[in-house]
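Residue-level structural notes
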Amino acid sequence: MQPRGSATEPSERPRRRQLGADRRPGPVATPTVTEGRIAVGRLAIVVTVGAWFAYFVSWLIGEFIAPHGVSARYKVEAVVYLLVVTFLTLSALAYLACRLGYFYRARGHRRVPRAALDEFFSHTDPTVTVLVPSYKEDRRVIRTTLLSAALQEYPHLRIVLLIDDPPDPLGEADRASLAAARALPGQIQELLAEPAGRFARALDAFEARPGGGGRPREDLEELAGNYEWAVQWLEQQSAAEEVLDHADRFFVQEVLGGLAADFTLMATALRAAADDGAVLGPERLRQLYRRLVWTFRAELSSFERKRYASLSHDANKAMNLNSYIGLMGGAHHDVQTLQGRVLLPATTGTADLQVPDPDFVLTLDADSLLMPEYCLRMVHLLEQSEHARVAVAQTPYSSYPGAETRIERLAGATTDLQYQQHQGLCHYDATFWVGANAVLRKRALDEICESRYEGNWEIRRYIQDRTVIEDTESTLDLARHGWRLVNFPERLAYSATPPDFGALCIQRRRWANGGLLILGKLRRYRRERKRLGLNVPLGEALLRANYLASITWSSLSLVLLLGYPFRNQLVSPLLGLIALPYFAAMASDLHSCGYKRTDVLRVYGFNLILLPVNLVGVFDSVVQWLTGDKSVFGRTPKVRDRTVPSLMFVVAPWLIFGLAGYTLWRDVIGDRVVNGVYAGLNTALTAYALAAFIGLGDTLRDLWAHLRAWLYRPVRAPQPEPATAAAVVASPPAVDWASVLHFGGSPAPGLFGGSPAAPAAPVATAQDQDAPRPGRLRPSGFRTVFQPVVDLHTGAVVGHEALTRFDDGIGPADRLAQAAAMGAGIELEVLLARAGVAAAASLPGTAWVSLNVSPALVRAGLALSHVVAGASRPVVLELDHRAIGSEEELLELLALLPVGATLALSGIVPAYDTLHLLGELGAEFGKLDAGWVRGLPGDAARQALVKALVDVAGNAGCSLVAEGIETRAERECLEQLGVPLGQGFLLGRPTASPDGRPYAGQPARAG
């Protein structure tokens, strides 16, 4: 969390380039992999293993066989040192093995020709939805991301910007940012409308000609003219783009410029073909026209889950994605309820929101860019028969070339090395999903989906959010279900890297957090595969374990080597031989990515100053494991100015430098020469990293920012809280008397979790406005749920019983009793009844709704009549006959029932008094108590009594409703006895969502 006053403000000026900034002219080219390079890679592994084994033998002889009288402390120290060396060696071997796997994949990759792609997609048309999660991102960053997605050369593409900003921000800057984000999809759609319309008309005109053309030269020249028009349009957009940094420059040069260059080449080839008198078949010409149409006809929209109380508001990217994926394939009503806006299932023709169910989902971070053929090549890969069980196709992202700062250049270098590592992991079938970009098979997501309920709303999890590295954990979920992941061996996606140390701390802390927690799932995955007779190769298991835990053991090992004075005898020249292949290989890889070989030393120093960040990330994992509380998802800031690190990360890198310097001084005065050389190297590289990547000036400014934040806390004028969506569908009176009388100025002591000192609740709402943020239930909130009443013979839904659920878990009967004891029972009952009638307006069909009412409410003047009069469907008022003292009292209540309402008596049992009441009063419904339903199939005597009750009720014109039906045997028995109606968990649970429930206007299944 940034200190007050340190929040960055967007700058519209280009960032000044530092000395030592990135000077690479363009994207990384795939290196040529020769047999010699592969042989050297194998040799590096052999040398590392051989050197470690030689060191182990010398260590064993020197520490445990040859010496005599060595203290236990020395032996423990020796064992710890060997473990440190072994763990670091394992990480080095994992790097070298993945590097070798990358060579194998790069050598074996054959690019599919563009004509083959055009031919393939002429006969198949898989649908793709691109999801771009965004939280308080800069408008320009989102715009370039959406444009790179919209310009994908793909047949049918839907792009949805998932805006996760608070929907009702208080600050003016936040409101402006949100409005800009909401407007972006429409603006881009409007921008693409001209080329999309032009090329669609051109394709229609071509297909309308007899024989698909019939004019060889004219057809080629006309098509070339369309490609040239597309080039001009792209060049106009490039000229209009504001270029402020290297990311903007990359978008203009590689996305817009690259597409324009490709189209220019296509137009040139078409004109050359026309000059040569070539004749292209109608199908090939149609494919080339379609390419233009596909490039510009994407459909863009936005969605905000935080507008809806029925969706999760958990503050992380995974649940932002999950909320929208969970809506796919459904039609939904956007309904205003007492709880707020909710999405309820609807029929297709009447829906407010209809979300198609695609074949594939492309997830794309809001600061990433895709090359134009990304989607086409990923989906083509997934559609091949040999990849039928591949769930995720991705290209691990690369960094933008041309970074203006030294630290961003080094962070980009490590990102480009990670690209190679992920490609190598894929060779061993041990890769992980990298969340910045990926094409996901929707069917695979459905298989790993987990559901749970928050209140009465079903929350679906496709992507796990237990840790902050959600994509990594979901990889193992997919693997457990037999799905694989594939990395496409081309650099087709690019993403921003943090430009300053503060932003880098947030990103790397998140990366270090979670791996330890996922290790347990890796162990379960291996056990499950072994139980199924499908062994997990040792290489895959070790590489996955290294990926998850190497940050932990490497960071701890480096801290030990930095700070503990290990004996000089433990250090050997063999240790240098162990490390040499790793650092030499990394230097070679950096050079192949366009960096300097000497950057390997800068990367080492860079990792030294990040040691505290990694350790804190590991500590976060340990805390979550101990407490069970999820870590906060730290979003990497996407800002143009500096991000102030937390105070701990401002100070800790300098402490690392001090520790390295102290160790050097101690080794010098102790004549530990070999140790001193290592300590001197650490000290020098840490000093360089501090000067080059952080700087003394920035450190002092950051310290001042924290000091100022501690000393000066400006008093801000109170701002009004935004009104919550508490209005009901049927508009309440201008003054909601029930809310006023019930809530008043403050809740009564003990009511709804309140106290005499509780803050006042506002008028005309059923929820406490002085409440936690969206997603946290208010102690005084309630919601209406419905349980179906079903015709046991036909399975049709005939009615819905409205039930109330309080957010604090207290039952309705207890809550009403508390309110009645305080003299507030009538007001609360009216609120609940009004909520039930309002919520019932969103139910499909015209079936009646029943409301539970008390004798006191029936006697309360015209209050109940007004509620019934506002209903949009027939109303049944349900009275518990056990709460009525006598038959005379019941007759009195019948006379007071509102016009248009019918009566249902609940709590009915097969007793003489009950039979008499049903015979005399003419109630329309009688509800058989659930206690008589339970155990009925095996009790002949009770069956006879229930049969008598059915006969009496039928003669009186009363329909009997059996409550609490939970088993198929109970339903069949009741149906045989002639009970016409029923309700219970077997037929439908109480829920606010009718989708998939038996009472959604469809027959209920018998079991």
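Since the structure is predicted, the reported quantities are computational estimates derived from the model, not experimental observations.

Moving on, we come to the packing of aromatic side chains. Counting across every chain of the model gives 27 aromatic pairs. Ring pairs connect the aromatic residues Trp 52, Phe 56, Trp 59 and Phe 64, which therefore count as one cluster. One residue, Arg 567, lies across the ring of Tyr 74, its end atom 4.5 Å from the ring centre. The ring centre of Trp 932 lies 5.1 Å from the NZ or CZ of Arg 942, which sits over that ring.

A few words on empty space enclosed by the protein. The full count for this structure, using the stated rule, is six cavities of 30 Å³ or more. If you add up the space inside the second largest cavity, you get close to 60 Å³. Lining the second largest cavity we find Pro 133, Lys 317, Leu 321, Thr 363, Leu 364, Asp 365, Trp 433, Gly 435, Ile 463, Glu 470 and Asp 471. Of all the secondary structure elements, the ones that give two or more residues to the lining of the second largest cavity are helix 9 (317-325), strand 7 (360-364) and helix 13 (470-480).

UniProt records the feature "transmembrane region" (unreviewed entry) for residues 43-66, 78-104, 570-591, 603-626, 646-665 and 677-696 in the present numbering. Counting secondary structure, residues 78-104 comes out at 100% helix and 0% strand; the distance between its end C-alpha atoms is 39 Å. End C-alpha atoms of residues 646-665 are separated by 30 Å, and the span's content is 95% helix alongside 0% strand.

Let's shift gears to the pattern of salt bridges. Within this structure, the stated rule accounts for 58 salt bridges. Of the charged contacts, one joins Arg 567 and Glu 77 as a salt bridge, the two residues approaching to 3.7 Å between their closest N and O atoms. You can see Arg 567 sitting in the loop between helix 16 (538-563) and helix 17 (573-592) and its partner Glu 77 sitting in helix 2 (residues 72-108), a full 490 residues away along the chain. Between Glu 473 and Lys 521 there is a salt bridge, and its shortest N-O distance comes to 2.9 Å. One end of the pair, Glu 473, is in helix 13; the other, Lys 521, is in helix 15 (residues 515-531), with 48 residues separating them in the sequence. Across the pair, exposure class does not vary: Glu 473 and Lys 521 are buried alike.

A few words on the sheet that holds strand 8 (residues 368-370). The strand order across the open sheet formed by three strands is 8-15-10, and the pairing between neighbours is mixed. Single-partner strands in this sheet number two, and they are strand 8 and strand 10 (398-399).

Look at any regular strand and the pattern is simple: side chains alternate between the two faces of the sheet. Extensive coverage of strand 7 is indicated by the burial of five of its five residues. Residues Phe 360, Leu 362 and Leu 364 line one face of strand 7 and the alternating positions Val 361 and Thr 363 line the opposite face, and both faces are buried. Where strand 1 (residues 128-134) and strand 7 come together, four bridges link them in parallel fashion. Across the sheet, the residue bridging to Leu 131 is Thr 363, located in strand 7.

Turning to the environment of Val 979, a few remarks are in order. Among the structural elements, Val 979 can be located in the loop between helix 32 (968-977) and strand 23 (981-982). Residue Val 979 is classed as buried on the basis of its relative accessible area, which comes to 3%. Sequence spacing of Val 979 and Leu 792 is 187 residues, and the spatial spacing of their C-alpha atoms is 7.6 Å.

Right, let's get into the confidence of the model for the chain. The share of residues in the chain with pLDDT of 70 or more is 87%, and the mean pLDDT across the chain is 84. In this model residues 1-11 is a low-confidence stretch, pLDDT under 50, and it forms 23 contacts with partners more than four residues away in sequence or in other chains. Note that residues 994-1007 has pLDDT below 50 and, in this model, 38 contacts with residues that lie over four places away or in other chains.

The rules we used
Residues numbered from 1 in each chain as written. Predicted model: local features only at pLDDT ≥ 70, side-chain atom pairs only at ≥ 80, totals over all residues. Heavy atoms only, no water. Phe/Tyr/Trp six-rings, centres within 6.5 Å; stacked < 30°, edge-to-face > 60°. Lys NZ or Arg CZ within 6 Å of the ring centre and 35° of its normal. 1 Å grid on protein atoms, 1.4 Å probe; cavity = no way out; pocket = protein on both sides within 12 Å on 5 of 7 lines; lining within 4 Å. Points joined across faces, edges and corners; volume = space filled by probe spheres on them. Helix = DSSP H or I, 4+ residues; strand = E, 2+ residues; numbered from the N terminus. UniProt positions renumbered as here; feature names shortened; annotations may be inferred. Salt bridge = Lys/Arg side-chain N within 4 Å of Asp/Glu carboxyl O. Buried < 20%, exposed > 50% of the residue type's maximum accessible area, 1.4 Å probe, protein only. Pairing = 2+ DSSP bridges. pLDDT = per-residue confidence, 0-100. Contact = heavy atoms within 4.5 Å.

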